[in-house]
Amino acid sequence: MAGNLPPMLQWMVDATIRARGIRDPQVLRAMETVPRQLFVRPEDASEAFSDRALPLGLGQTISQPYVVALMTELARLSPGDRVLEVGTGSGYQAAILAECGAEVYSIERLPELAEKARQRLAELGLVVHLRVGDGARGWPEHAPYRAILVTAAPSHVPPELLEQLDLGGRLVVPEGGREGQVLRVYRRTEEGFEVSDHGAVLFVPLR
Ligand code: SAH
């Protein structure tokens, strides 16, 4: 399998994902499998494998590959886990989650982006449940989730999202406003939530 990878995708995973400490084998395999070049605008294809966020149009961006890998690793998924993503954007993070074997639900507020993501995911044969709407309220019909990944930054996590987390489940979120965001994990316990911080990040705001 490894021999057949596009060399640039292999390079991206070795130089920017493995080198920066991502170890979870299912995350590394997913990052080596999903063709990131199909999730960026055609004019940015030559930049698809650099560790950068890239524009999607409408003021939105596809996250840098390292941050996608880190958020996926922090979610600690097992195959079959039900996962909610808030902010489908290009569909790339949703594709990585699906490739890890998760049952993925993803919400995007901008119909144009959601439609493009739907086409890309279908072309790759990946099953992801998509909806256009306000992801800050979650998707209660399919709750509880084993993991929730918020890929746009709220100043504070909406309580509706925390409520939709399963016991032992993890919510991964860039939390903070213009002054700066930190990648934070909320793990639901019997008593409440255990919170841990995982470095500074920069996401577009959650609307
Ligand atoms: N996960 C995406 C990148 C997300 S960029 C990827 O892999 O490409 C953040 C996305 O969140 C944008 O597409 C933006 O439109 C969306 N967004 C912002 N606020 C939202 C909200 N309240 N509900 C749903 N989507 C939202």
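The notes below deal with the structure included here.

What counts and how
- Residues numbered from 1 in each chain as written.
- Predicted model: local features only at pLDDT ≥ 70, side-chain atom pairs only at ≥ 80, totals over all residues.
- Heavy atoms only, no water.
- Salt bridge = Lys/Arg side-chain N within 4 Å of Asp/Glu carboxyl O.
- Helix = DSSP H or I, 4+ residues; strand = E, 2+ residues; numbered from the N terminus.
- Buried < 20%, exposed > 50% of the residue type's maximum accessible area, 1.4 Å probe, protein only.
- Near = heavy atom within 4 Å.
- Polar contact = N/O pair within 3.5 Å; in protein donor to acceptor, adjacent residues only side chain to side chain.
- Nonpolar A, V, L, I, M, F, W, Y, C, P; charged D, E, K, R; others polar.
- Pairing = 2+ DSSP bridges.
- Axes fitted to C-alpha atoms, helices over the stretch in contact; angles between N-to-C directions.
- Contact = heavy atoms within 4.5 Å.

Some thoughts on the pattern of salt bridges
Per the stated rule, a full pass over the model turns up 15 salt bridges. As a salt-bridge pair, Arg146 and Asp166 come within 3.6 Å of each other at their nearest N and O atoms. Residue Arg146 is found in strand 6 (residues 145-150), and its partner Asp166 is found in strand 7 (residues 165-175); the two are separated by 20 residues along the sequence. The salt bridge involving Asp197 is made with Arg184; its shortest N-O contact spans 2.7 Å. One end of the pair, Asp197, is in strand 9 (residues 193-201); the other, Arg184, is in strand 8 (residues 181-188), and 13 residues separate them in sequence. The partly exposed category is assigned to Asp197, whose relative accessible area is 45%.

Describing the site of the ligand
Every one of the 24 residues lining the ligand counts as a neighbour, but Glu85, Ser90, Glu108, Gly135 and Arg207 are closest to it. In this structure, an oxygen atom belonging to the ligand sits 2.6 Å away from a side-chain N or O atom of Ser90. Looking at the shell around the ligand, the elements that each hand over two or more residues are strand 2 (60-62), helix 4 (92-99) and strand 4 (103-108). Top contributing element to the shell around the ligand by residue count: strand 2, with three residues. When its residues are assigned to classes, the shell around the ligand shows nine nonpolar, 10 polar and five charged.

Topic: the sheet that holds strand 4
Either a parallel or an antiparallel arrangement is found when strands of a sheet pair, and the pairing is made through backbone hydrogen bonds. The strand order across the open sheet formed by seven strands is 5-4-3-6-7-8-9, and the pairing between neighbours is mixed. Lying at the two open borders of the sheet, with one neighbouring strand each, are strand 5 (128-132) and strand 9. When the angles between neighbouring strand axes are averaged without regard to direction, this sheet yields 15°. As paired elements, strand 8 and strand 9 share seven bridges and run antiparallel to each other. When the bridges of strand 9 are listed, Arg184 appears paired with Asp197. Strand contacts of helix 3 (residues 65-75): strand 6, strand 7, strand 8 and strand 9, with the helix running at about 160° to strand 7, the strand carrying the most contacts. In the packing of helix 4 onto the sheet, contacts are made with strand 3 (82-86), strand 4, strand 5 and strand 6, and the angle to strand 3 comes to roughly 170°.

Let's talk about the pairing of strand 7
Along any regular strand, the residues point their side chains to alternate faces of the sheet. For strand 7, the tally of buried residues reaches nine of 11 residues, placing the bulk of the element in the interior. Pairing of strand 6 with strand 7, which is carried by four bridges, proceeds in the parallel orientation. From the neighbouring strand, Leu149 faces strand 7, where its bridge partner is Val172. Judged from the six bridges that link them, strand 7 and strand 8 form a sheet pairing that is antiparallel. Its bridge partner lying in strand 8, Val173 is registered against Arg184. Here strand 7 hands over to strand 8 after five residues, with Gly176 in that stretch at a positive phi of 140°.

Read these as geometric descriptors, not functional statements.
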